[in-house]
Amino acid sequence: MAGKNLTLAQLAQYDGKDGRPGYVAVDSVIYDVSNSLAWQNGEHHGNLAGHDVSKSIHEDSPRGTKNLAKLPVVGKIIPE
């Protein structure tokens, strides 16, 4: 795993807009969605890059965490 550990406040900077990378957190693991066609402009089915999307992945996604395996892992969420 790469070593970019971020707080949730720092994660918010990675919103996938205006050329910035897009990162999302799921279960404290940070994934890079920048090159995912499903995350154009940092958005995917109402979810926004730069946020913890764990609740949505576990409760709303028909595929759950299965597609996360296709994404690069950036690091982990650390306490504020």
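Preceding block: the structure.
What you are looking at is a predicted structure, and each value in this text was computed from that prediction instead of being measured.

Observations regarding the packing of aromatic side chains
Under the definition given, this model contains one aromatic pair. Aromatic side chains Y14 and Y23 sit 4.4 Å apart centroid to centroid with 10 degrees between the ring planes, which places their arrangement in the stacked category. Judged by its relative accessible area of 17%, Y14 falls in the buried class.

Details of the sheet that holds strand 2 (residues 29–32)
In space, the three strands of this open sheet follow the order 1-2-5, with antiparallel pairing throughout. Each end of this open sheet is capped by a strand with a single partner; those strands are strand 1 (23–26) and strand 5 (73–76). Across the sheet, the axes of successive neighbouring strands diverge by a mean angle of 30 degrees, strand direction being ignored. In terms of strand pairing, strand 2 meets strand 5 through three bridges, oriented antiparallel. Along strand 5, the bridge assignment pairs Y31 with V73.

What to know about the nonpolar core
Counting residues in each nonpolar core, the largest one holds 11 residues, listed as V24, V26, V29, Y31, V33, W39, A49, V53, I57, L68 and L71. Elements that contribute at least two residues to this core include exactly strand 1 and strand 2. Look past the residues within four positions of V33 in its chain and what remains in contact with it is G22, Y23, V24, W39, A49 and L71.

Observations regarding the side chain of D32
On the secondary structure map, D32 appears in strand 2. Although D32 is buried, it forms no salt bridge, and the closest oppositely charged side chain is K4 at an N-O distance of 8.5 Å. Here S34 takes part through its side chain, which lies 2.5 Å from a polar atom of the side chain of D32. When sequence neighbours within four positions are dropped, the list of residues in contact with D32 reads G22, Y23, L71, P72 and V74.

Remarks on the environment of G22
Secondary-structure assignment places G22 in the loop between helix 1 (8–11) and strand 1. Sequence separation between G22 and G50 is 28 residues; the distance between their C-alpha atoms is 6.4 Å. Once residues within four sequence positions are removed from consideration, G22 is found in contact with Y14, D15, G16, Y31, D32, V33, S34 and A49.

Analysis parameters
- Residues numbered from 1 in each chain as written.
- Predicted model: local features only at pLDDT ≥ 70, side-chain atom pairs only at ≥ 80, totals over all residues.
- Heavy atoms only, no water.
- Phe/Tyr/Trp six-rings, centres within 6.5 Å; stacked < 30°, edge-to-face > 60°.
- Buried < 20%, exposed > 50% of the residue type's maximum accessible area, 1.4 Å probe, protein only.
- Pairing = 2+ DSSP bridges.
- Helix = DSSP H or I, 4+ residues; strand = E, 2+ residues; numbered from the N terminus.
- Axes fitted to C-alpha atoms, helices over the stretch in contact; angles between N-to-C directions.
- Core = buried A, V, L, I, M, F, W, Y, C linked by side-chain atoms within 4.5 Å.
- Contact = heavy atoms within 4.5 Å.
- Lys, Arg positive; Asp, Glu negative; His and termini not counted.
- Salt bridge = Lys/Arg side-chain N within 4 Å of Asp/Glu carboxyl O.
- Polar contact = N/O pair within 3.5 Å; in protein donor to acceptor, adjacent residues only side chain to side chain.

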